[in-house]
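Report on the structure
These are the residues of each chain, in order.
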Amino acid sequence: MAYSRRSSRTPRTRFTLALLLLTAVSLLVLDLPGTGPLDPVRNGLSTVFSPLRAAGNAVFEPLSNGWKGAFGYDDLQDENEKLKAQLEERKSEEADVKRLQQKVADLSKINGVTIEQQKTKVAEVVSGPLNSFEQTIQIDAGSSDGVKKGMAVITGRTTGKGGAVLGRVAEVRSGTSTVELITQVDLTIGVRTQKGDIGTATGQGQGKPLLIENIDEQTLRKGDFLWTSGIDRTAFPGDLYVGRITKVGKSVDGVPRVVEAEPAADLTSRYVRVVLKDPPK
Amino acid sequence: MSWPRAALIVVVTLVLQVTLFSRFSFEGARPDLMILLAVMAGFRFGPERGAIIGFAAGVSFDIVLSTPLGLSALVYTIVGYAVGVTTAGMVRTSRWAASAVAAAGSAAGMVLYALVGAVLGEPTLDGPSLGSIVVLVAAVNAVLAPPASRALAWAGTDERDRRQPFLAR
């Protein structure tokens, strides 16, 4: 096949390239984290694209399911997702018993303190990462459901207790939201151990454990449970199950020990819940 | 060059990427059809149109991604231009030429994306291994290069030579 080629490195070509690069860099500068002047434009265009996306999903979902299995796979998958969600909730019960034991001990000393209960909104994960570099998921709950940027997202599909921290709402549109996963680099949440020590858990990337910092690591043991601390100005309510410590490194010459934890949440969960607690401003 | 057709190809490719190809992953790496458009546009039409179609593919992908707006546009523009420049003197009679260029251009594009993203503070080097991303995207795009090339040929056809059948281009 022979193709006709018109232009090469002419002044006009260089001018076009410079114009496009300048536009791309301008978009990047305008979309710097925390500024957000392009968010309405992006959300508007994303909304325009959503019918095409919905149509594509309707056409290709059976195809992708067919890729994975045979007839009846949909039902099995749905049942499997329900069981996985229930398992996620059961997994947190053991941790919850430990936490409540500690809580009872603390409450016996202090009067008038109650455990915080939060409303949640059940949502379905409609899309995973769209390319290799993205670490977010899309859920089918948005601002019309009371979801706000910064709210905590946990696994599970019931309205009761249970589930584990999956991530945080990063972007909100009218009917959908983007969720940053707990493993995302720079996503830090306040955590507390069963002994009551408070620290932070920071994501280190997809497939990697959480890094536990700002905590008295002398008291930590492998297998200890972690919950959200819920201290003032944190985006997460307290007492949400985060995970278990998997590694407590050795201290060398006074350098703090490396402490890592495995997130309890199944990051591939199909059903999640948004904790409807206003994030701090 | 029919720009409405080129725009249609970009939109259809975006729908395919978002609703079909992003569902499949290997070790966390996912196919990337949008960079294939940039590479094949540079290969077929030269650096100028390669850069323009690369920019259009990138900015449309940016709208649905959670990464900063303009990151894909910047990288895909450079890729479209660079492929156009480097393949300017290439003999195009081989049936494997398009696939080879698609694989090499896509691999280079993924590395560039990861590096530019890291410079901008994005966690592009903290997810799946760059090696697996490069191998997967290059392999998938090598396979899809011939149909992508034919689709772009349809967009590159002027009204005057529309009589030529689609599959013969």
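Residues numbered from 1 in each chain as written. Chains lettered and ligands numbered in written order. Predicted model: local features only at pLDDT ≥ 70, side-chain atom pairs only at ≥ 80, totals over all residues. Heavy atoms only, no water.

**Description of the overall build of chain B**
Where we set the bar: Secondary structure elements follow DSSP: runs of H or I of four or more residues count as helices, runs of E of two or more count as strands, with numbering from the N terminus. Put simply, the radius of gyration uses C-alpha atoms, and a globule should come to 2.2 Å times the residue count raised to 0.38. Only protein chains enter the area calculation, which uses a 1.4 Å probe; residues under 20% of their type maximum are buried, those over 50% are exposed, and those in between are partly exposed. Note on contacts: a residue pair is in contact if any heavy atoms of the two residues lie within 4.5 Å. Per-residue and other accessible areas were derived by the Shrake-Rupley procedure at a 1.4 Å probe size, with only the shown protein chains allowed to occlude residues.
Helix and strand counts for chain B stand at six helices and zero strands. The globule rule puts the C-alpha radius of gyration for 169 residues at 15 Å, and the 15 Å found for chain B is close to it. Burial statistics for chain B: of 169 residues in total, 62% are counted as buried. A sequence separation of at least 24 residues applies to 69% of the contacts in chain B between residues at least 6 apart. Total accessible area on chain B stands at roughly 6,200 Å², and carbon and sulfur atoms take up 68% of it.

**Considering the interface of chain A and chain B**
What counts, and what does not: Put simply, buried area is the surface a 1.4 Å probe can reach on two separate parts but cannot reach once they are joined, added for both. For this document, the term salt bridge refers to a Lys or Arg side-chain nitrogen within 4 Å of an Asp or Glu carboxyl oxygen. For the purposes of these results, a polar contact is taken to be a pair of N or O atoms within 3.5 Å, where, inside protein, one atom must be able to donate a hydrogen and its partner to accept one; residues adjacent in sequence count only when each atom of the pair is a side-chain atom. Note on residue categories: nonpolar means Ala, Val, Leu, Ile, Met, Phe, Trp, Tyr, Cys or Pro, charged means Asp, Glu, Lys or Arg, and polar means any other residue, Gly included.
Contact residues are listed per partner, giving 50 residues for chain A and 62 residues for chain B. Summing the contributions of chain A and of chain B, the shared interface buries around 5,100 Å²; its carbon and sulfur component is 65%. Summed over the shared surface of chain A and chain B, the result is one salt bridge. With a closest N to O distance of 2.9 Å, B:Glu48 and A:Arg12 form a salt bridge. Run the count over chain A and chain B and you get twelve residue pairs in polar contact (both at pLDDT 80 or more). For the side of chain A that touches chain B, the class distribution of residues is 19 nonpolar, 19 polar and twelve charged.

**A closer look at the packing of helix α3 (residues 47-64) of chain B against helix α4 (residues 71-86) of chain B**
Residue and element names in this part refer to chain B. Rule in force here: Here the axes come from fitting lines to C-alpha atoms, over the contacting stretch only for helices, and the angles between their N-to-C directions go from 0 to 180 degrees. The cut-offs work like this: below 35 degrees is roughly parallel, past 145 is roughly antiparallel, 65 to 115 is roughly perpendicular, and the gaps in between are oblique. Each helix crossing is assigned a hand: it is left-handed if the near helix lies turned anticlockwise from the far helix by less than a right angle, otherwise right-handed if that turn is clockwise.
For the pair α3 and α4, the least separation of the axes is 7 Å and the interaxial angle reads 160°. Classified by the angle their axes make, α3 and α4 are roughly antiparallel. Crossing handedness for the pair α3 and α4: right-handed. Contact residues: α3 offers Pro-47, Gly-50, Ala-51, Gly-54, Phe-55, Ala-57, Gly-58, Val-59, Phe-61 and Asp-62, while α4 offers Leu-71, Ser-72, Ala-73, Tyr-76, Thr-77, Gly-80, Tyr-81, Gly-84 and Val-85. For the contact of α3 with α4, the residue count by class is eleven nonpolar, seven polar and one charged.

**Notes on the nonpolar core**
Threshold: Buried Ala, Val, Leu, Ile, Met, Phe, Trp, Tyr and Cys residues form a nonpolar core when they are joined through side-chain atoms within 4.5 Å.
Residues B:Met40, B:Phe61 and B:Tyr76 are the most contacted members of the largest nonpolar core, which totals 59 residues. Mapped onto this core, the elements with two or more residues apiece are α1 (11-30) of chain A together with α1 (3-19), α2 (33-45), α3, α4, α5 (97-119) and α6 (130-156) of chain B. Sorting elements by how many residues they give to this core places α2(B) first, with ten residues. Formed by 21 residues, the second largest nonpolar core is a distinct cluster that contains A:Met151, A:Val153, A:Leu181 and A:Val274.

**With respect to the sheet that holds strand β6 (residues 188-193) of chain A**
Residues and elements named next belong to chain A. Going by this rule: By the convention used here, strands pair only if DSSP detects at least 2 bridges between them.
Read around the closed barrel, the six strands follow the order β6-β7-β8-β11-β10-β9; overall the barrel is antiparallel. Sheet twist, expressed as the mean angle between neighbouring strand axes with direction ignored, is 40°. In this sheet, strand β8 (residues 210-213) lies alongside strand β7 (residues 198-202) in antiparallel orientation, the contact comprising three bridges. Each bridged residue has a counterpart across the sheet, and for Ala-201 the counterpart in β8 is Ile-212.

**Here we look at the packing of aromatic side chains**
Heads up, the rule is: Aromatic rings from Phe, Tyr and Trp, taking only the six-membered ring of Trp, are treated as a pair when their centres fall within 6.5 Å; an angle between ring planes under 30 degrees marks them as stacked, one over 60 as edge-to-face, and anything in between as tilted.
Tallied over the full model, the rule gives four aromatic pairs over all chains. Here the aromatic rings of A:Phe133 and B:Tyr113 are separated by 4.7 Å at their centres, their planes lie at 15°, and the arrangement is stacked. Taken together, the residues span two chains, with A:Phe133 in the loop between β1 (120-127) and β2 (136-139) and B:Tyr113 in helix α5. In this structure, A:Phe133 and B:Tyr113 share a single accessibility class: buried.

**A few points about α5(B)**
Inclusion rule: A helix is expected to span 1.5 Å for every residue after the first.
Under the 1.5 Å per step criterion, the end-to-end length of α5(B) is 33 Å for 23 residues, consistent within 8% with the ideal 33 Å. Once α5(B) finishes, B:Gly121 follows within two positions and takes phi at roughly 85°, a positive value.

**Re the confidence of the model for chain B**
Operational definition: The predictor reports its confidence for every residue as pLDDT, a score running from 0 up to 100.
On average, residues of chain B score 89 in pLDDT, and 92% of them are at 70 or above. Overall fold confidence (pTM) sits at 0.77, and the ipTM for the predicted complex is 0.86.

**Quick word on the sheet that holds strand β4 (residues 165-172) of chain A**
All names here are of chain A. A barrel is described by the order of its strands in space; here six strands give the closed sequence β1-β2-β5-β4-β3-β12, paired in antiparallel fashion. With strand direction ignored, the average angle separating the axes of adjacent strands in the sheet is 45°. Relative to β4, strand β3 (residues 152-155) is paired through three bridges, and the arrangement is antiparallel. Residue Ile-154 lies in a different strand from β4, and its bridge partner there is Val-165.

**Describing the packing of α4(B) against α5(B)**
Residues and elements named next belong to chain B. Interaxial distance between α4 and α5 falls to 10 Å at its minimum, and their mutual angle equals 145°. Where α4 crosses over α5, the two elements pack in a sense that is right-handed. Between α4 and α5, the contacting residues are Leu-71, Ser-72, Leu-74, Val-75, Tyr-76, Ile-78, Val-79 and Val-83 on the first element and Val-101, Gly-105, Gly-109, Leu-112, Tyr-113, Val-116 and Gly-117 on the second. Residues of the contact of α4 with α5, tallied by class, amount to eleven nonpolar, four polar and no charged.

**Quick look at the side chain of B:Arg44**
Assignment of secondary structure puts B:Arg44 in helix α2. Of note is the side chain of B:Arg44, whose polar atom sits 2.8 Å from the side chain of B:Ser149.

**Re unusual backbone geometry**
All names here are of chain A. For Asn-214, which is not glycine, the phi dihedral falls at a positive 55°. Examined against the element boundaries, Asn-214 turns out to sit in the loop between β8 and β9 (225-228). You will see that Asp-239, though not glycine, has its phi angle at about 70°, which is positive. Along the chain, Asp-239 turns up in the loop between β9 and β10 (241-248). Judged by its relative accessible area of 15%, Asp-239 is buried.

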